[in-house]
Amino acid sequence: MEKIYSSVKDNKNRIETDFTDCSDFLLRECVVNGTDCIVCVLDGMVDSLQLSHMIMEPMLKFDGKYKTSAELFDTIKKAVINSLEMNEVNTFEDAYFFLASGFAVVFIDGVAKCLALGIQGFTKRTTDEPPTEADIKGAKECFTETLNDNKATIRRRIKTPDLKLKQIKVGESVKTSVVIAYIKGIADDELVREVERRIVSAAIDKLQDFGEIASFLDSEISSYFSAVGNTERPDTLCSKLLEGRIGVIMDGSPFAVYVPCLFSDAFSTVDDYDNLPFYASLNRLLKYFSFVLSIVFPGFYVAAGTFHQEVIPTSLMYTIASAEATTPFSLMQEALIVLVLYEIMREAGIRLPKMIGHAVSIIGALVIGDAVVNAGLIGTPMLVVVAITAISSYVIYPLYESISVLRLAFILLGGFTGIYGIVLGTCVICVNIAALNPYGVPYSAPISPLSVKSLGDLFYRESWRKLARRKVRIQNLRGAQIDKI
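Reading the values: rules and limits
Residues numbered from 1 in each chain as written. Predicted model: local features only at pLDDT ≥ 70, side-chain atom pairs only at ≥ 80, totals over all residues. Heavy atoms only, no water. 1 Å grid on protein atoms, 1.4 Å probe; cavity = no way out; pocket = protein on both sides within 12 Å on 5 of 7 lines; lining within 4 Å. Points joined across faces, edges and corners; volume = space filled by probe spheres on them. Helix = DSSP H or I, 4+ residues; strand = E, 2+ residues; numbered from the N terminus. Salt bridge = Lys/Arg side-chain N within 4 Å of Asp/Glu carboxyl O. Buried < 20%, exposed > 50% of the residue type's maximum accessible area, 1.4 Å probe, protein only. Contact = heavy atoms within 4.5 Å. Polar contact = N/O pair within 3.5 Å; in protein donor to acceptor, adjacent residues only side chain to side chain. Pairing = 2+ DSSP bridges. Axes fitted to C-alpha atoms, helices over the stretch in contact; angles between N-to-C directions. Arc of directions from axis to C-beta. Patch = residues over 30% accessible without salt bridge, like charges linked within 9 Å, V, L, I, M, F, W, Y side chains within 5 Å. Areas by Shrake-Rupley, 256 points an atom, 1.4 Å probe, with all protein chains shown as cover. Parallel < 35°, antiparallel > 145°, perpendicular 65-115°, else oblique. Left-handed = near helix turned anticlockwise from the far one by under 90°. Nonpolar A, V, L, I, M, F, W, Y, C, P; charged D, E, K, R; others polar.

Focus on the layout of surface pockets
The method is simple in principle: a probe with the dimensions of a water molecule rolls over the atoms, and the space it marks as empty is what remains.
Line of reasoning, step 1. There is about 910 Å³ of room inside the second largest pocket.
Line of reasoning, step 2. For the second largest pocket, the lining is made up of 32 residues, of which Phe97, Ala100, Ser101, Ser177 and Asp251 are closest to its centre.
Line of reasoning, step 3. For the lining of the second largest pocket, the secondary structure elements donating two or more residues are α4 (92–99), α5 (147–157) and β7 (176–183).
Line of reasoning, step 4. Per-element tally for the lining of the second largest pocket: the top contributor is α4, with four residues.

Below is the structure:
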């Protein structure tokens, strides 16, 4: 990293060369009580009114005495500038990073460093209701793309100096601010150091979204399940921090990630803790049932209809046989065709503009719901199976990516090997889930190893009178060995 020059002219020439053809770069030359200075900003990133009243006006009106340029630098820093957010910068790389973050950078002739002054004024999205994690009774705010706003949102919920928000820069060619959030005294120190080590050592050229950093925080064991959770809800992240987990927030992304993430996390929502215990427990059991149904049901239907007709009731068997007698494809082929078409239309509905997105639903209803059945290409029972599977997969949306791939694999297993293949595939998934051990904490905990104390918030939810007495810490789960990571 090249150091800043002591000559203001050399600094000006270097900066103007680096920002050639940058129409948003603004540079103002000025004289502060006889000493040449330059002030640099990026248009649209700063508040012009703050720039005028907090920086330019006090500097130009300064008429105090000083002996050296270094003394002038310290005086401006301590007694002239009104900005509260202030940093001394020694390299051009750091100066450019602050410029792109909405800071004004001030160079003074004779001083081989500059001042970066926070006067951010760029356009940003307001806090709104989380679009991907909807709830009925919970808070109606989400993270935004602005890092400082996200930090403030967390700080407002956890009002203690023990909440640490350690900020580092990630990226080799383009630096991006990343914050490691944890609660000192609750989070394990070894876990904090390991997360920071993985982020700092990540071979990332330029960090654009949370998925890039998440891959470096994930388990090294190959799996269809991720050991890194993500959320756009501040209340969800705060609850994870209070359990001793580590949150990671990056500038420019409205999603925060947290580690370690457990398999059971996907089956709990904010509403579970606002509803009555018996209703929350019912919803929790429905989610586990929907997970199994969305993965196994299509493959089991294909296996039973192809190899094990004896497990199907006689009246239902006649219905299936009459429907399949007019179709040219086998049950396995039908299931694959319908599910692939469903995934295509789902993806199209997500990517299309909202004004025309409803057209996909109309086409889907006509093509899949009516035309293919009347044309004799797909049997009606298969459409019912796919519809049930699709609806069930949305109940546990955090695991949708894993479910969408695994159910295709189970269809192939059921079509080629029957129920024996379904059972074997289920065993493989269970072994794979149990094998994940992110940061020394079993991914399957507290299901395996089973923790009796955690059952009150696993398959069912106890009342808050009991939950309030529990102090859940991720490092205290049975089987956790964070000290050995």
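So, the pattern of salt bridges
Line of reasoning, step 1. As enumerated under the stated definition, the model contains 25 salt bridges in all.
Line of reasoning, step 2. Residue Arg198 is joined to Glu194 by a salt bridge in which the shortest nitrogen-to-oxygen separation is 2.9 Å. With Arg198 and Glu194 both in helix α6 (residues 189–200) and four residues apart, the pair spans about one turn of that helix.
Line of reasoning, step 3. Residue Asp272 is joined to Lys287 by a salt bridge in which the shortest nitrogen-to-oxygen separation is 3.2 Å.

Considering helix α2 (residues 48–60)
Line of reasoning, step 1. Restricting attention to buried positions, one finds in α2 the residues Leu51, Ile55, Met56, Pro58 and Met59.
Line of reasoning, step 2. Elements in contact with the buried residues of α2: β1 (25–32), β2 (35–42), α3 (69–80), β4 (103–108) and β5 (114–118).
Line of reasoning, step 3. By the N-cap criterion, in which a side-chain oxygen at the helix start approaches the backbone nitrogen of a residue two or three places on, α2 is capped by Asp47, the distance to Leu49 being 2.9 Å.

Overview of unusual backbone geometry
Line of reasoning, step 1. Val259 connects to Pro260 through a cis peptide bond whose omega is -10°.
Line of reasoning, step 2. Along the chain, Pro260 turns up in the loop between β10 (256–259) and α9 (277–306).
Line of reasoning, step 3. A cis amide bond, omega -5°, links Ser448 with the succeeding residue Pro449.
Line of reasoning, step 4. Positioned with a positive phi, Asp21 is a non-glycine residue whose angle comes to about 65°.
Line of reasoning, step 5. Relative to the assigned elements, Asp21 resides in the loop between α1 (8–18) and β1.
Line of reasoning, step 6. Taking relative accessible area as the criterion, Asp21 reaches 78% and is therefore assigned exposed.
Line of reasoning, step 7. At Tyr439, a position not held by glycine, the phi torsion is positive, near 60°.
Line of reasoning, step 8. Relative to the helices and strands, Tyr439 is located in the loop between α15 (419–435) and α16 (464–467).

Looking at the sheet that holds β5
Line of reasoning, step 1. The five strands are arranged β1-β2-β4-β5-β3 in an open sheet whose pairing can be described as antiparallel. Edge positions in the open sheet fall to β1 and β3 (86–89), since each of these has one partner strand only. Across the sheet, the axes of successive neighbouring strands diverge by a mean angle of 25°, strand direction being ignored.
Line of reasoning, step 2. Taken together, the four bridges between β2 and β4 define a ladder with antiparallel strand orientation. When the sheet's bridge partners are listed, Val39 is paired in β4 with Val106.
Line of reasoning, step 3. Across the sheet, α2 lies against β1, β2, β4 and β5, angled at about 30° from β1, the strand it touches most.
Line of reasoning, step 4. The strands that α3 touches are β1, β2, β3, β4 and β5; relative to β5, the one it contacts most, it runs at about 10°.

Focus on the side chain of Asn275
Line of reasoning, step 1. Mapped onto the fold, Asn275 is located in the loop between β10 and α9.
Line of reasoning, step 2. Residue class for Asn275 comes out buried when judged on its relative accessible area of 12%.
Line of reasoning, step 3. A polar atom in the side chain of Asn275 sits 3.0 Å from the side chain of Lys137.
Line of reasoning, step 4. Excluding anything up to four places from it in sequence, Asn275 contacts Lys137, Asn283 and Arg461.

Some thoughts on the sheet that holds β7
The strands making up a sheet associate through hydrogen bonds between their backbones, and the pairing can be parallel or antiparallel.
Line of reasoning, step 1. Here we have five strands laid out as an open sheet, ordered β6-β7-β9-β10-β8, and antiparallel in their pairing. The strands lining the two open edges of the sheet, one partner per strand, are β6 (163–170) and β8 (229–231). Put simply, the sheet's adjacent strands are angled 25° from each other on average, direction ignored.
Line of reasoning, step 2. Here strand β9 (residues 246–250) runs beside β10; their pairing, made up of three bridges, is antiparallel. The residue bridging Ile246 from the neighbouring strand is Val259, located in β10.
Line of reasoning, step 3. Packing of helix α7 (residues 210–217) onto the sheet brings it into contact with β6, β8, β9 and β10, and relative to β10 it is tilted by some 10°.

Thoughts on the environment of Gly244
Line of reasoning, step 1. For Gly244, the position within the fold is in the loop between α8 (234–241) and β9.
Line of reasoning, step 2. Between the C-alpha atom of Gly244 and that of Val259, which follows or precedes it by 15 residues, the distance is 9.5 Å.
Line of reasoning, step 3. Other than its neighbours up to four places away in sequence, Gly244 contacts Ile186, Ala187, Asp188, Leu191, Ile474 and Gln475.

Points about α1
Line of reasoning, step 1. Residues of α1 that are buried: Val8, Asn11, Lys12 and Ile15. Angular distribution of buried residues about the axis of α1 spans 100°; they occupy a single face of the element. Turned more than 90 degrees off the buried face of α1, the exposed positions are Lys9 and Thr17.
Line of reasoning, step 2. Against the buried residues of α1 lie β1, β2, α4 and β4.

Notes on the side chain of Thr236
Line of reasoning, step 1. Mapped onto the elements, Thr236 comes out in helix α8.
Line of reasoning, step 2. The class of Thr236 is buried, set by a relative accessible area of 15%.

Points about a nonpolar patch on the surface
Line of reasoning, step 1. On the surface, Phe329, Ile337, Val340, Leu341, Ile344 and Leu377 cluster together into a nonpolar patch covering about 450 Å² of accessible area.
Line of reasoning, step 2. Counting through the fold element by element, Ile344 comes out in helix α11 (residues 331–351).

Some points on the packing of α11 against helix α13 (residues 380–395)
Line of reasoning, step 1. Relative orientation of the contacting elements α11 and α13 amounts to 45°, with a least axis distance of 10 Å. Put simply, α11 runs oblique to α13. You can see that α11 and α13 cross each other, and the crossing is right-handed. Together, Leu331, Glu334, Ala335, Val338, Leu339, Tyr342 and Arg346 of α11 and Met382, Leu383, Val386, Ala390 and Tyr394 of α13 make up the contact between the two elements.
Line of reasoning, step 2. Of the residues in the contact of α11 with α13, the class split is 10 nonpolar, no polar and two charged.

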